[in-house]
Amino acid sequence: MCGIAGIFNHPEASNLAYLCLHALQHRGQESAGIVSSDGVRLHTFKAMGLVGDNIREETIEKLPGASAVGHVRYSTTGTSEIKNAQPFVINFSGGSLAIAHNGNLTNAGILRKELEASGAIFQSSMDTEVIMHLIARSSKKELIDKIMEACSRILGAYSLVFLSQDQMIVVRDPKGFRPLVLGKIGQSYIAASETCALDLIDAQFEREVEPGEFLVINAHGTRSLKPFASGATKSAQCIFEYIYFAKPDSHIFGRGVYEMRKGFGKQLAREEPVDADVVIPIPDSGVPAAIGYSEETKIPFQMGLIRSHYVGRTFIEPSPSIRHFGVKLKLNVVRDVLKGKKVVVIDDSIVRGTTCMKIVKMLREKGGAKEVHLRISSPPIKWPCFYGIDTPTRQELVAAQKNVEEIRKFIGADSLRFLSEKGLRWFKMQNPSEEFCDACFTGNYTVDLPDSPEIADYASSLQKFST
Ligand code: 5GP
Ligand code: SF4
Ligand code: MG
């Protein structure tokens, strides 16, 4: 998972890119980078860690020019190294080119083997680098044609911003897995993963980049191309962006994220009510759904857990006798809200179930809750995501290993219910071609997974079996 931003034709391009990345920090905390173009050369800065800690005024001064592209990378369990930080830059026969990528390709492994067999030397372990090799090898003349040719060979999820010396090219894969929006400040163009980035720099929201759209922005204006046959494929926008990943103040896929989350909570309340004294969220991700649940059930909403906003990535742990320290550092109970109460706890999702388990224990033992009823505003996550969200393997996903009653016992709640798969679609589809990916809940993978033949076989047999 990542956040991307691009600025074209603004005297403070790098500064605006920096601000956009700041607003998109929730999409990735592992590394941050900006590449600017002064019209002749590209200038690069990349660092491990947070935007605000690493990008300073001196950094911006070393990134001159009227266009810039930026990237924040999500912390994965894989290699967290500077060589895997983006934007990724190449110098090739066509000039200099930077790329910022959000998403995950599902055939990068196969393409990489093919490219390596014919002599390509890779500098990183990123799937993104495959795109750059394909572009460099294209025999087409124009950069946009090279990019379209490269994209015709890749599969999976890709929202991309490219920057050359004199143009910005913005791309969204035909399924539109990851969000990508366009904004303007006067005659300057802004591309960003989410609208919260546009808000911060006072850019006017123009529209979303459409699934399968290639947008060329240069001194001559803008040109939109749709090289892939549209209509033949339905979109597969990631529903998990609405549930957890995107920021609630953003509008993506045509809707406000906050309203969507509240809606999941309301639907959950209709499906799974419970007799209780108070509704509390697990902050921050569970807050809008808990508000929705409370509104629908008329059970009062309270903050029974308070989150510290100063939890860094590393801290010194005390002796092992003080257990579950990580969760305690982040969350503490409000005893006055919980003591002797029947509490409904709302969270957006269960992944491994381990955080939840610690919180339920804390609510009882420290908070004095009489009953703890856990309600989750999405269905059980049973399948890994291959399209850019870092969900663990099936072995680590608690809902892939246990049924709901077994998970309830594992977590130690008095009751546990999830939103149904049908309830996930409580909102009306206004546009018939608009479809969502929900593969992590259903196993229904809409884009082939050639890099993962085993799981692909398993997933397709499951689909045939269940329909
Ligand atoms: P669990 O109790 O399953 O260990 O953790 C569930 C929590 O993890 C939920 O509060 C949810 O907001 C959060 N979560 C869901 N998906 C992701 C993800 O992809 N990355 C991270 N860091 N947290 C996630
Ligand atoms: Fe999003 Fe889940 Fe689909 Fe991945 S599998 S793109 S997380 S809905
Ligand atoms: Mg959470």
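Bear in mind that the values here come from a model prediction, so they are computed numbers and not experimental data.

**Q** Got a sec to walk through the pattern of salt bridges? Specific residues and values, please.
**A** For the structure on display, the rule yields 21 salt bridges. With a closest N to O distance of 3.2 Å, Lys 361 and Glu 365 form a salt bridge. With Lys 361 and Glu 365 both in helix H13 (residues 354-365), this residue pair falls 4 residues apart, about one helical turn. Between Glu 405 and Arg 408 there is a salt bridge whose closest N-O contact spans 2.9 Å. One end of the pair is Glu 405 and the other is Arg 408, both in helix H15 (residues 404-411) and 3 residues apart, which spans about a single turn. If you follow the salt bridges from partner to partner, you end up with Arg 27, Arg 178, Glu 194 and Glu 241 in one network.

**Q** Go over the environment of Ile 389 with me, naming the residues and quoting the values.
**A** One can find Ile 389 in the loop between strand E21 (371-376) and helix H14 (398-401). Sequence separation between Ile 389 and Gly 103 is 286 residues, and the spatial gap between their C-alpha atoms is 7.7 Å.

**Q** With reference to specific residues and values, describe the site of ligand 1.
**A** Neighbouring ligand 1 are 15 residues; Tyr 74, Asp 347, Asp 348, Val 351 and Gly 353 lie closest to it. Thr 354 places a main-chain nitrogen or oxygen 3.2 Å from an oxygen atom of ligand 1. Sorting the residues of the shell around ligand 1 by element identifies helix H8 (239-245) and H13 as the ones contributing at least two each. Among the elements that make up the shell around ligand 1, the one with the highest residue count is H13 (3 residues).

**Q** Mind laying out the side chain of Gln 167, listing which residues take part and the relevant values?
**A** Within the element layout of this structure, Gln 167 appears in the loop between strand E7 (159-164) and strand E8 (168-172). A polar atom in the side chain of Gln 167 sits 3.3 Å from the side chain of Asn 218.

**Q** Can you explain the domain arrangement of the protein? Please cite residues and give values.
**A** Segmentation of the protein into domains returns domain 1 (3-235) and domain 2 (257-310 + 321-429). The straight-line distance from the C-alpha centre of domain 1 to that of domain 2 is 35 Å. The partner domain 2 presents 6 residues to the 10 residues of domain 1 that form the contact. Regarding the contact of domain 1 and domain 2, the summed buried area is about 590 Å², with carbon and sulfur atoms giving 60% of it.

**Q** Account for the site of ligand 2, naming residues and giving values.
**A** As a matter of local geometry, ligand 2 sits amid Phe 177, Arg 178, Cys 238, Ile 239, Phe 240, Cys 385, Tyr 387, Ile 389, Cys 437, Asp 438, Ala 439 and Cys 440. Taking a 2 Å distance to the grid points as the criterion, the majority of the atoms of ligand 2 fall inside the largest cavity. Broken down by secondary-structure element, the contributors of at least two residues to the shell around ligand 2 are H8 and helix H16 (439-442). Split by residue class, the shell around ligand 2 holds 10 nonpolar, no polar and 2 charged.

Conventions adopted
Residues numbered from 1 in each chain as written. Chains lettered and ligands numbered in written order. Predicted model: local features only at pLDDT ≥ 70, side-chain atom pairs only at ≥ 80, totals over all residues. Heavy atoms only, no water. Salt bridge = Lys/Arg side-chain N within 4 Å of Asp/Glu carboxyl O. Helix = DSSP H or I, 4+ residues; strand = E, 2+ residues; numbered from the N terminus. Near = heavy atom within 4 Å. Polar contact = N/O pair within 3.5 Å; in protein donor to acceptor, adjacent residues only side chain to side chain. Domains from an automatic or database assignment. Contact = heavy atoms within 4.5 Å. Buried area = accessible area lost by both parts, 1.4 Å probe. 1 Å grid on protein atoms, 1.4 Å probe; cavity = no way out; pocket = protein on both sides within 12 Å on 5 of 7 lines; lining within 4 Å. Sits in = over half its atoms within 2 Å of the grid points. Nonpolar A, V, L, I, M, F, W, Y, C, P; charged D, E, K, R; others polar.

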